[in-house]
Amino acid sequence: LYTEDNLSRVKTWTTVQPVPLSYQNALLPSDPYTAYLANLLATEYPGYKAVTAGEGAFLLPPSSPYYPTAFANQYKINGQPLNLIYRDFANGSRLTEDTADSIRFVLGYKGDSGSWDYDTWLLYSQVQVKEDLLQGYPLYSKIMPLLDSGVINPFGPTNDPAALAQAQQDTFVGQDFESKTSVTSLSGRVSHDLMTLPGGPLAAAAGAEVRRETFEYSPAYAVETGDIAGQGGNQLPESAARKVESAFLETNAYPLKSLQADVAVRFDNYQGIGNTINPKGSLRWQPFAWLLFRCPPSPG
């Protein structure tokens, strides 16, 4: 009777440059900023064609103290909003913390009975991952109206403490997702020397396994709606499971002391996909100590 138990935790901190905020980020129609931008274009900038509702556009208004009037005059666009590609330096670099907890438990029983060897075991393994956003991940629905108000300096430091404090409040801080995968299986195998050949034993082995695999993914609501900037869009919850059955049979023979032959076949059945049967055969011939021939496995 034996057991193997493992428990581990790995924490990873990642720092990345500030998140990009611009019209290049497409938003879901349900995102509150989509309606906000549509109203802004209709009421403040009628006829403005550089952006459309559904984009995370940063439109610097002419009323902003950071509006580059001389630049706008040079290109004859003074009085029009500037459609900017901006990294959120107001909130600084992105910082995430990932925690991975792993569990592996095996309980088995092995031995021999006469000329038979046997081994059977129960396995359970699980990996659970949680991610926390600690800094630098603004919410589109909150940060974009702040940027469009013109109180954040896109060309240098913002000196308004109230504007910086509001930018900090417009970020997502906390767990954005959790995922869990698990495998539960019951396996067993037996082996036995069937007879003795001129070169050695003719041995056979057989085994089987039944296992269940699961996967779960649980994002925060702000991830489901795609409202967190820098996440590559929205992600939905997932939950799936499947069963897998497999079995194998293998024989190993020594017709001659210099010749070894191995023949095996394996069956696998994956729930929802189908089954497959894969045979294998190989030969190993060593007529002299300095000469060895191997035959590659036959096609499955």
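Predicted model only: the values in this text are computed from it and were never measured.

Quick notes on the rules
- Residues numbered from 1 in each chain as written.
- Predicted model: local features only at pLDDT ≥ 70, side-chain atom pairs only at ≥ 80, totals over all residues.
- Heavy atoms only, no water.
- Salt bridge = Lys/Arg side-chain N within 4 Å of Asp/Glu carboxyl O.
- Helix = DSSP H or I, 4+ residues; strand = E, 2+ residues; numbered from the N terminus.
- Buried < 20%, exposed > 50% of the residue type's maximum accessible area, 1.4 Å probe, protein only.
- Contact = heavy atoms within 4.5 Å.
- Phe/Tyr/Trp six-rings, centres within 6.5 Å; stacked < 30°, edge-to-face > 60°.
- Lys NZ or Arg CZ within 6 Å of the ring centre and 35° of its normal.
- Polar contact = N/O pair within 3.5 Å; in protein donor to acceptor, adjacent residues only side chain to side chain.

**Some details on the pattern of salt bridges**
By the definition in use, this model includes eight salt bridges. Of the charged contacts in the structure, one is a salt bridge between Arg189 and Asp119, with a shortest N-O distance of 3.9 Å. Placement of the pair is Arg189 in strand β8 (residues 174–196) and Asp119 in strand β7 (residues 116–135), with a sequence separation of 70 residues. For Arg189, a relative accessible area of 45% gives the class partly exposed. A salt bridge links Arg211 to Glu209; its shortest N-O distance comes to 3.2 Å. Of the residues examined, Glu209 reaches a relative accessible area of 19% and is grouped as buried. In this structure, a network of salt bridges that share partners links the residues Glu209, Arg211, Glu213 and Arg242.

**A word on the environment of Glu238**
Structurally, Glu238 is set in strand β10 (residues 238–256). The spatial distance from the C-alpha of Glu238 to the C-alpha of Glu216 is 5.6 Å, given a sequence separation of 22 residues. Beyond its immediate sequence surroundings of up to four residues, Glu238 is in contact with Phe215, Glu216 and Tyr217.

**A few points about the packing of aromatic side chains**
In the structure shown here, the tally under the stated rule is eight aromatic pairs. For the ring pair Phe71 and Tyr75, a centre distance of 5.0 Å and an interplane angle of 50° mean the geometry is tilted. What makes Phe71 partly exposed here is its relative accessible area of 41%. Positioned above the aromatic ring of Tyr2 is the side chain of Lys110, whose terminal nitrogen or guanidinium carbon lies 5.3 Å from the ring centre.

**Examining the side chain of Asp101**
Examined against the element boundaries, Asp101 turns out to sit in strand β6 (residues 94–113). Residue Asp101 is classed as buried on the basis of its relative accessible area, which comes to 18%. Among the polar contacts made by the side chain of Asp101, one reaches the side chain of Arg9 at a distance of 2.7 Å. In contact with Asp101, not counting residues within four places along its chain, are Ser8, Arg9, Gln126, Val127 and Gln128.

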